[in-house]
Structures are given as structure tokens and as C-alpha cells.
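Results of the structural survey
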2 protein chains.
Amino acid sequence: MQLLTVGSVAFDAIQTPFGKSDKIIGGAGTYITLAASFFNQNQGLVSVVGEDFPSKTLQIMKSRGIDITGIQIPKGGKTFFWSGRYHNDMNSRDTLTTELNVLETFDPVVPEHFKNAPFLMLGNLSPDVQRKVVHQMDQRPALIAMDTMNFWMDIAMEELHQTLKVVDLLIINDEEARQLSHQYSLKTAAAKIMELGPKSLIIKKGEHGALLFHEGSMFAAPAFPLDEVFDPTGAGDSFAGGFMGYLSCCGDLSFNSLKIALIAGSAVASFCVEKFGTQRLEEIAIEDIHERMSVLHQLTHFELSAYGAV
Amino acid sequence: MQLLTVGSVAFDAIQTPFGKSDKIIGGAGTYITLAASFFNQNQGLVSVVGEDFPSKTLQIMKSRGIDITGIQIPKGGKTFFWSGRYHNDMNSRDTLTTELNVLETFDPVVPEHFKNAPFLMLGNLSPDVQRKVVHQMDQRPALIAMDTMNFWMDIAMEELHQTLKVVDLLIINDEEARQLSHQYSLKTAAAKIMELGPKSLIIKKGEHGALLFHEGSMFAAPAFPLDEVFDPTGAGDSFAGGFMGYLSCCGDLSFNSLKIALIAGSAVASFCVEKFGTQRLEEIAIEDIHERMSVLHQLTHFELSAYGAV
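Let me sum up the structure you'll find in this document. Keep in mind it's a predicted model, so treat the numbers as computed, not measured.

A few words on unusual backbone geometry. Note on backbone geometry: most residues besides glycine have negative phi, and most peptide bonds are trans. All names here are of chain A. Within the chain, His-182 stands out as a residue other than glycine whose phi angle is a positive 55°. Within the element layout of this structure, His-182 appears in the loop between α6 (174-181) and α7 (186-194). Look at His-182 and you get exposed, because 9 C-beta atoms sit within 10 Å. Here the phi dihedral of Glu-215 falls at roughly 45°; this positive angle occurs in a residue that is not glycine. Classification of Glu-215 by C-beta neighbours within 10 Å gives exposed; the count is 9.

Right, here's the structure in full:
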């Protein structure tokens with residue numbers, strides 16, 4: 001089934017304790033669609049790049065089943081550029097440069113042939129831009145998921161609340177969940193957040209995995225245990241992309257299907273962080289992802305029935 | 001099967017954002033044996049208290065199947081006293097008072113009738129005291145587990161290394177694992193630590209659950225999702241006690257049995273933090289623990305077979 005994503009396509013320059021990247025391709029929209037493409041080759045991306053953006057990269061997207069007619073290229077525009085440096089623990093980072101460029105005036109336009117897409121993923125963008133996309137759909141999608149970040153909670157909480165009201169699923173990290181809910185306990189935070197609109201919530205916890213809250217039920221997915229995280233950039237977006245890719249491919253919105261989608265997202269994200277940028281996602285195949293999904297299953301599987309008393 | 005524990009029995013005074021306790025009963029040995037008593041009523045505790053320690057508490061221990069003949073009561077001695085204050089996030093705390101008292105000169109003596117115990121738990125004490133207990137055993141236990149803390153890594157690393165060589169299982173938290181291994185990734189840390197002696201390792205991650213490393217395999221147990229943590233004191237010891245209690249009761253050292261023991265420890269610890277001190281552990285029954293073990297199973301259970309391609 002069709003999956004439509006709105007999200008940034010960008011240039012990134014990244015510094016980690018392990019090294020420094022050149023100016024490479026990044027952006028939420030890039031990571032989400034690339035990650036989803038392992039499961040679904042019927043995708044559209046709504047975004048904006050500058051004339052400096054390599055057409056080769058757009059061609060690679062196309063070759064992976066990503067429709068790029070929704071990517072605007074304004075005359076004379078320059079692509080969004082972000083550069084940042086990760087601290088030694090890889091859990092925090094400093095932004096060194098943010099040049100919004102074409103993203104500053106981005107007015108998303110959903111192509112006609114995606115206005116009935118049953119799956120819609122709103123990557124991290126201003127809540128107003130996210131809502132504009134929802135309003136352009138001819139038919140209410142079966143699932144609308146969104147990402148956001150603390151930045152929007154700081155400067156656009158009211159707009160964020162408006163957008164939360166029109167989505168089904170919010171995907172954020174633990175720090176953001178605490179900021180949005182003013183609660184420390186993630187279980188209590190989840191209850192507060194779901195009162196704002198979304199009937200499902202995923203809280204990402206980095207190396208500690210992710211939690212899914214859905215209609216009164218809860219699921220804890222582990223993170224794939226890695227010897228080393230080389231570059232965390234794009235991990236959250238790859239997770240969301242793997243999740244939405246799996247869901248939109250299987251088309252099943254049951255709790256068990258959401259669980260497997262979480263495991264799929266976790267597996268894809270674990271590859272993303274092994275090299276700079278999208279490099280690792282461009283190298284792997286669906287079989288590699290399936291293998292890690294099996295490892296994640298073994299990692300948490302146990303049989304209580306072996307214990308008579310339970 | 002017999003489970004022998006060595007660990008402190010203490011008075012604690014605790015401050016959390018929710019309130020302040022009186023001078024209550026605490027200590028690693030207390031929490032471990034109390035937690036284990038749900039699964040095993042054939043336990044011994046080697047410890048030391050002062051003449052100020054209430055005999056009523058010792059009688060409660062006895063009534064739960066804990067042999068207290070190994071608890072010394074030196075004449076004129078005062079019981080170990082600790083007081084501390086938790087920060088708002090409950091993940092860190094300041095020690096306000098530490099009065100070692102009788103613990104300062106504690107020379108553990110294993111009662112004759114526990115010298116063949118097949119399960120031995122070394123609670124957090126100086127590595128030298130822990131090793132003294134191991135050396136008093138007539139027969140090498142089937143499983144020797146130990147706890148330790150960063151304090152001993154700071155002041156007695158050499159002695160700690162000696163003790164690590166004679167145990168099978170080390171139970172520590174993530175911060176301690178990183179300090180002991182000088183590695184950030186917990187997977188890499190585990191490999192380094194197991195080179196020091198223990199063939200099994202449990203890394204506790206508080207609200208994020210615990211990891212078990214055992215003979216090249218790995219298992220991730222979730223923490224029971226609570227609305228609120230009221231008092232984290234004793235959570236780690238309750239976890240270890242629940243784990244060892246289950247294992248020593250079933251007597252099976254297979255990987256699946258270790259997994260269930262981890263879930264048992266996780267369930268017991270989740271009760272411990274709901275009230276001050278040992279209060280909650282004294283209220284609950286084994287059925288309550290079984291119920292949370294089932295919830296923990298549901299929390300992580302998923303079927304990949306529903307997904308054709310895996």
C-alpha cells in the first residue's frame with residue numbers, strides 16, 4: 001500500500017569521537033524513505049531541496065521505489081544544511097550550524113496520485129507544515145504517524161497540540177516524552193500524551209530500545225546490541241521508516257503487527273548507526289534486516305511455561 | 001536447595017521527593033534474603049548487627065525460612081547505619097551519613113550446616129570479606145554470584161579482581177559495568193568483564209531492565225512498568241534476591257532457567273520500590289510476583305512467524 005512521507009532532505013556534516021564526515025546526504029525524509037524502502041517500494045516523498053542537490057541521489061531514491069515528484073527544487077535555492085558534533089557518550093550532541101535555506105519557506109504540496117495514500121508519515125518539521133500535508137489528503141489515511149522534537153515544544157507548543165489532534169501515532173524519544181507531558185515516569189507520560197490525541201505512542205530510548213503504547217496495551221522492544229555506535233545521525237528516522245515501511249507493506253494494524261513493525265524499525269536503525277549517514281542503509285539487503293529481527297526475537301524470548309508455578 | 005547469602009543488615013534513613021522515612025530496617029543481606037524467601041525457604045544469612053537491632057526483625061526473618069545463626073551480635077556493638085537523599089529523577093542519590101559501626105570489623109563466619117550450600121550469594125561488601133566466605137565453604141557451590149559497587153572499584157580494584165576470579169556470576173549496574181571495563185558499549189563491557197573471571201554477567205539498567213550475558217548468549221529483560229518509583233533503595237538487592245531465590249529453588253542452571261530467574265528478580269524489585277524500605281516485600285505474596293512475571297512476559301512477547309518473510 002502507498003506510504004507518503006513528508007520530511008527534510010538535507011546536507012549534513014557530522015563529527016563523532018570516531019571521525020568526521022564530509023558534507024553528506026541527510027535529512028529525516030531521506031532516512032525515513034530509505035529505511036521504509038526495504039519493505040515498501042510504493043512510496044512518495046514530499047520535500048524540498050536546492051539546485052545544489054545532486055540529481056544522482058534523487059535517481060537512487062527513484063530506483064528504490066520512492067516517487068520524487070513531490071520534491072520541490074526552487075530556482076536558485078540552496079539545500080538545508082546541518083552540522084553537529086556528538087559527545088563521547090553519543091547520547092548528546094551540539095549543533096554547530098543550521099542553514100535552513102529552502103526549508104525556511106517550504107510549502108508542501110502533495111502530488112495528486114498520493115492524495116489517497118493509506119499510510120502517512122510526518123517527519124520532524126514545523127507542526128504547521130505537518131498539518132498542511134494532512135489537510136491536502138483527499139481521504140483520511142488509515143494511519144497517520146508523526147515525529148517531532150523538543151525544539152517545537154519550546155517555540156510552537158500550541159501548533160504542536162493542533163497537529164497531535166489529527167494524528168494516530170506519535171513517535172518521539174524519552175526526553176521529548178518527558179518534556180511534552182511534564183512527567184518523569186514514561187508510563188505516566190504516555191497516558192498524558194495520549195490524552196492530547198494520538199491513540200498510539202512510541203517512545204524511543206536509544207540503546208535501551210523502544211516502548212509502544214496502544215489501546216491500553218504496552219510492548220517493550222529491545223535495541224539491537226551493538227559493539228559500537230559509530231554515528232547516531234538518522235537512527236530515529238530509520239527506526240520510524242522501518243516501522244512505517246513494514247506496516248504499510250503488510251497493511252495490518254493489529255497489535256502484533258505493530259510489535260513486529262517496532263522490531264523491524266529497531267533492526268533497520270541498528271544498521272544505520274554503523275557508518276556515517278545513509279551509507280550502511282545503502283549497502284544492506286532485506287535479508288540482513290530479517291536476520292537482526294530474528295536476533296531481537298531470541299534476545300527477549302523466554303517461556304514461563306517451563307516454570308510450573310506460573 | 002540451600003541458598004547462603006552474606007550481606008549487610010542495617011538501619012537506613014531515606015529521603016525521596018515523596019517523603020522521608022524513619023530509621024528503618026535495610027541492608028543488602030536483608031533485601032536479598034527477604035526477596036529470595038518467596039521462592040526458597042531454605043536460606044542462611046551471614047551478617048552482623050549491633051545490640052541495638054530489634055530481635056523482632058530477626059524473628060520475622062526466621063519465620064520466612066531464613067536461618068540467622070550466621071548473624072553475629074557483638075557485645076556493645078551498634079548496627080551499620082546509612083542515610084541518603086534521592087534526587088528528583090530517582091536515578092542518583094547523595095549519601096548523607098555512613099556509620100559502619102559493627103560492619104567495620106566484620107569477620108564473616110559460615111555456620112557448619114551451610115558449608116555445603118549449592119548456592120552462594122555475595123552481597124555488596126569489601127571484596128576481601130566476600131572472598132573469606134567463599135574460602136570457608138567445604139564444597140565449591142554450584143553457583144557463586146556476587147554484587148559489588150563503584151566504591152570498591154575506586155579503593156580496592158586489586159582485591160575486587162581476586163574475588164571476580166572465584167565467582168560464576170557478577171550482578172552490577174550499567175554505570176559500574178562501564179567503570180569496571182572502561183567501555184561505554186555494554187556489549188563490549190560485558191566481554192571485557194567476563195575475561196576477569198565470571199562466566200555469566202547481569203547488568204542492571206534500572207527502569208530499562210537488565211541484560212544477561214551467559215556463555216556467548218544474551219538476554220534482555222524488561223523492567224516492570226510502574227507509574228511511579230517511590231523509593232529505589234534495595235531495588236538491586238531485591239532483584240538479586242529474587243533471581244537467586246528462583247534459581248536455588250528450581251536448581252536448574254540452563255539458559256532458559258536463568259532467563260526466568262531474571263524475570264523473577266525484575267518482578268520482585270518492582271514491588272520493592274513502591275514503598276519505603278522492605279515494607280512492600282513484607283506485604284506481598286508469591287501470587288503477586290507470579291502475576292507480574294506474566295505481565296513481563298506479555299510486555300516483550302511477539303511472534304515473528306506472523307510475518308511470512310522471517
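This brings us to the nonpolar core. In this structure, Ala-264 of chain A together with Ala-264 of chain B are the most contacted members of the largest nonpolar core, which totals 171 residues. With residues up to four places along the chain from it excluded, the contact list for Ala-264 of chain A reads Phe-39, Gly-242, Phe-243, Tyr-246, Ile-289 and Met-293 of chain A.

This brings us to the packing of helix α8 (residues 235-250) of chain B against helix α9 (residues 255-272) of chain B. Residue and element names in this part refer to chain B. Following both chains from N to C, one finds α8 and α9 inclined at 140°, their axes separated by 7 Å at the closest point. In terms of orientation, α8 lies oblique with respect to α9. The two elements α8 and α9 meet at a crossing, and its hand is right-handed. Counting all contacts with α8, which are made through Ala-235, Ser-238, Phe-239, Ala-240, Gly-241, Gly-242, Phe-243, Tyr-246, Leu-247 and Cys-250, the residues of α9 involved are Ser-257, Ile-260, Ala-261, Leu-262, Ala-264, Gly-265, Ser-266, Ala-267, Val-268, Ala-269 and Cys-272.

Next up on the list: the relation of the copies chain B and chain A. Each copy of the sequence occupies a distinct position, and chain B is placed on chain A by a rotation of 180° and an axial shift of 0.0 Å, giving an RMSD of 0.0 Å. Taken together, the rotation and translation describe the operation of a two-fold axis. Counting the interface residues of chain B, we find that 100% of their copies in chain A are interface residues as well, pointing to one common contact surface.

The interface is formed by 32 residues belonging to chain B together with 32 residues belonging to chain A. For the side of chain B that touches chain A, the secondary structure elements donating two or more residues are α7 (186-194), β15 (217-221), α9 and α11 (286-300) of chain B. Here the element with the most residues in the side of chain B that touches chain A is α11 of chain B; it accounts for 6 residues.

With that settled, consider the pairing of strand β14 (residues 210-214) of chain A. All names here are of chain A. Counting buried positions along β14 gives 5 out of 5 residues, so the element sits mostly inside the fold. Burial of the side chains of β14 extends over both faces: Ala-210, Leu-212 and His-214 are buried on one face and Leu-211 and Phe-213 on the other. Looking at chain direction, strand β13 (residues 200-204) and β14 are connected through 5 bridges and run antiparallel. Bridged to Ile-202 within β14 is Leu-212. With 5 bridges connecting them, β14 and strand β15 (residues 217-221) associate as antiparallel partners. Bridge assignment links His-214 to a residue of β15, and that residue is Ser-217.

The next thing to look at is the environment of Glu-207 of chain B. Along the chain, Glu-207 of chain B falls in the loop between β13 (200-204) and β14 (210-214). What makes Glu-207 of chain B buried here is the crowd of 21 C-beta atoms within 10 Å.

What counts and what doesn't
Every chain is numbered independently, its residues counted from 1 as its sequence is written. Written order determines the labels here, with chains lettered from A and ligands numbered from 1. Owing to the predicted nature of the model, reporting of local features is limited to residues with pLDDT of at least 70; listing and counting of side-chain atom pairs is limited to 80 or more, with chain, interface and lining totals taken over all residues. Helix numbers and strand numbers start at the N terminus; a helix is a DSSP run of H or I with at least 4 residues, a strand a run of E with at least 2. Every C-beta atom is placed from the backbone, and the number of other C-beta atoms within 10 Å of a residue's own sets its class: buried at 20 or more, exposed at 12 or fewer, partly exposed in between. In these notes, a nonpolar core means any group of buried Ala, Val, Leu, Ile, Met, Phe, Trp, Tyr and Cys residues linked to one another through C-beta atoms within 7 Å. In this description, any two residues whose backbone-derived C-beta atoms lie within 7 Å of each other are considered to be in contact. Here an angle of 0 to 180 degrees is reported between the N-to-C directions of two axes, which are lines fitted to C-alpha atoms, with helices fitted over the stretch in contact. Under this scheme an angle from 65 to 115 degrees is roughly perpendicular, one under 35 degrees roughly parallel, and one over 145 degrees roughly antiparallel; angles in between are oblique. Left-handed is the label given to a crossing in which the near helix is rotated counterclockwise from the far helix by less than a right angle, and right-handed is the label when the rotation is clockwise. The copies are overlaid by a least-squares fit using only the C-alpha atoms of residues whose pLDDT is at least 70 in both copies. Any two strands between which DSSP finds at least two bridges are classified as paired.

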